[in-house]
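Architecture at a glance
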Amino acid sequence: MGSARLYATVAAGGFRRYATYRVATAAGVFTNTVFGLILVYTYLALWDERPHLGGYDQAQAVTYVWLGQALFATLAIQGGGFETELMERIRTGEVAIDLYRPADLQAWWLAGDLGRALFQLLGRGVLPFVFGALFFPTALPHDPVIWAAFAVTIGLAMVVSFGIRFLVALSGFWLMDGTGAVQVLMVTGMFFSGMALPLNAFPQPLGDIVTLLPWSALLQMPADVLMGRTDPLFAFVFQAGWAVVLLAVGRLVQGAATRRVVVQGG
Amino acid sequence: MSEGATVPESAFIEVDRVEKVFDVRRRTGFLQRELRRVRAVDAISFTVARGEMVGYIGPNGAGKSTTIKMLTGILTPSGGRLRVAGIDPSRERTRLAHRIGVVFGQRTTLWWDLPLIDSYRLMHRMYRIPDGRYRENLDRLVELLDLSALLEVPVRQLSLGQRMRGDIAAALLHDPEVLYLDEPTIGLDVVSKARVREFLRELNTERGTTVLLTTHDLQDIEQLCSRVMVIDHGRLVYDGALAGLHEAGESERTLVVDLERELPPVEVGEAARVVKVDGPRQWLAFPASESAAPLVARIAAEYPLVDLSVREPDIEAVIARMYQDRETARETVVQAPGNS
Ligand SMILES: Nc1ncnc2c1ncn2[C@@H]1O[C@H](COP(=O)(O)OP(=O)(O)O)[C@@H](O)[C@H]1O
Ligand SMILES: [Mg+2]
């Protein structure tokens, strides 16, 4: 398949682009480790007060924190992936250049972003996670099947994350100024993904609602699969369902945006 | 390729009364919008034969880039008919993409953070270039554009001229039949400009690639193109040989004569008029369309002539003049002799 090789090349490029920024990567590892420490001590204090909050014991709460730090950049939970670049191309009209290439816009950016995510998982995510597992009591499984299922949920989470950010980026075609959309993305990402507090610790009925939103496919699902609290098959279906919906909506919006560009010139 | 056979060689690019109108909405107050229509391209017609190299010039905002964008298919015309290699660009953008190459001078298609070679590998996959052909083309372009020392350098570290050469190579790896260049020499230093021009000339003569290049650097045209199209305010005001542009602009050449001694302005009747006198040297303006020989003969016969030189008109001035004429006269396309 010719196009599979094209998008594999794009993904490899995405990986290598981020790999060239070594200092930024090292700084990211440091930041995530420090934030992890702050959050861990906060959580430990909280779980001291409210044992079994959200159904987690202390080791599970600690695991959740380090997993969040490992996936923070990988899943661009507060943004910071391809979407800033795409929005800039939309703003300057350079997106028109992307159109004359014989490649699909959505597939192109998805491939590049998966490359970036994989690099950030390995380059930025693994170290804080290993650090946490070494120095704090964590609740990690021994069963390799669970680890394999966990890996699948991360892959699906990457696609869901892309789907959300692709829509945010495309809003740039209609909004004069994309900073508002990016800020909404940051706040919703922080809150609804459970980055600040696990979704199962949210008060009801808010907790039930946020669990159904696509953001819960990012951190909560992989965490619950890793700690054996969710049936992996359910997680796969939930994540894949959102991935398909988001990509399909993205495709529709992309069609409208493309028509706009070829008529209005961007 | 069956459609390709039906495309007449003489009309490889066919533009027939093509228009582009942009609707520009502007905020004029709270909840108040003003709709303005910008006629960026106004009923332009021309054809380009396979293997031609055509210069497309005009001042900023004339409609050059808009025309190029329509020819690539990333912008749909508001009216008229457009064919490139028999393909309607905006309807079959992707199919056309395999047959054309595009370079936008102010924008790069290269991967900013990665070595140049990575962008070429990407083109290899994107255009599905057979491996052997890719290697061959890459080697050739790297040599002609002197890129071998740059292949491993991240694009963001390249100079503007180096990046332009890199972009040109990227646009040609898939052997396009047509190359559009939108301001390829903008911002380049003299050496880089010369290099790009030399390459383009070779591409056109050796490989027969059809080249359409927009510029507002007249030297590009003078050195590269035998045919030039001038666009202004979205309208084609001249299409023909470079030489004919002088006549169209009613331009004048200058004859500089050095006499033996300081004399009053020379008298040659209607043939020329003296525009400047500086000691024994005098400057005479005469129509660019006239030969200098009779004028020189007459002066040599009647005056103590020591030396002389003829200065070609400044083409920049010619075009500026043509624009002025248009402003006042609003005439239609000036057809120069010997061209479509
Ligand atoms: N996307 C657009 N929306 C509105 N007006 C545009 C757009 N693109 C170009 N124009 C206008 O069309 C005219 C021609 O622009 P352009 O083709 O870029 O000129 P050139 O390349 O010759 O400098 C200009 O007046 C420009 O402002
Ligand atoms: Mg332009």
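Reading the values: the criteria
Residues numbered from 1 in each chain as written. Chains lettered and ligands numbered in written order. Predicted model: local features only at pLDDT ≥ 70, side-chain atom pairs only at ≥ 80, totals over all residues. Heavy atoms only, no water. Helix = DSSP H or I, 4+ residues; strand = E, 2+ residues; numbered from the N terminus. Polar contact = N/O pair within 3.5 Å; in protein donor to acceptor, adjacent residues only side chain to side chain. Contact = heavy atoms within 4.5 Å. Salt bridge = Lys/Arg side-chain N within 4 Å of Asp/Glu carboxyl O. Buried < 20%, exposed > 50% of the residue type's maximum accessible area, 1.4 Å probe, protein only. Buried area = accessible area lost by both parts, 1.4 Å probe. Near = heavy atom within 4 Å. Areas by Shrake-Rupley, 256 points an atom, 1.4 Å probe, with all protein chains shown as cover.

1. Description of the side chain of arginine 17 of chain A
Take arginine 17 of chain A: it is sitting in helix α1 (residues 2-19). For arginine 17 of chain A, the side chain forms a polar contact with the side chain of glutamate 85 of chain A, separated by 3.2 Å. Apart from residues no more than four positions distant in its own chain, arginine 17 of chain A is found in contact with Glu85 of chain A together with Trp111, Asp113 and Leu114 of chain B.

2. Section: the pattern of salt bridges
Residue and element names in this part refer to chain B. This structure, assessed with the given rule, holds 33 salt bridges over all chains. Aspartate 16 is the salt-bridge partner of arginine 17, the closest N and O atoms lying 3.3 Å from each other. Residue class for arginine 17 comes out exposed when judged on its relative accessible area of 55%. Note that arginine 133 and aspartate 175 form a salt bridge whose closest N and O atoms lie 2.8 Å from each other. On the criterion of sequence distance, the pair formed by arginine 133 in helix α5 (residues 131-144) and aspartate 175 in the loop between α6 (160-172) and β6 (178-182) is long-range, its members being 42 residues apart. Owing to a relative accessible area of 41%, arginine 133 belongs among the partly exposed residues under this scheme. A relative accessible area of 24% places aspartate 175 in the partly exposed class.

3. A short note on the interface of chain A and chain B
Listed per partner, the contact involves 28 residues of chain A and 28 residues of chain B. Carbon and sulfur atoms make up 58% of the area that chain A and chain B hide from each other, which totals about 2,800 Å². Contact with chain B buries surface across chain A, with Tyr100, Pro102 and Val262 of chain A losing the most and accounting together for 26% of the total. At the surface where chain A touches chain B, the tally comes to two salt bridges. Between aspartate 118 of chain B and arginine 16 of chain A there is a salt bridge whose closest N-O contact spans 2.4 Å. In this structure, the connection of chain A to chain B is made through 10 residue pairs in polar contact (both at pLDDT 80 or more). Every element with two or more residues in the side of chain A that touches chain B is listed here: α1, α5 (95-100) and α11 (232-264) of chain A. The biggest single contributor to the side of chain A that touches chain B is α1 of chain A, with nine residues.

4. As for the site of ligand 1
For ligand 1, the set of nearby residues contains 14 residues, the closest of which are Gln264 of chain A together with Gly61, Lys64, Ser65 and Thr66 of chain B. Around ligand 1, the neighbouring residues derive from chains A and B rather than from a single chain. In the model, an oxygen atom of ligand 1 is placed 3.2 Å from a nitrogen or oxygen of the alanine 62 of chain B main chain. The contact in question runs from an oxygen atom of ligand 1 to an N or O atom on the side chain of serine 65 of chain B, over 2.7 Å. Summarising the interface, the protein chains cover 69% of the accessible area of ligand 1, which totals 560 Å² for the free molecule.

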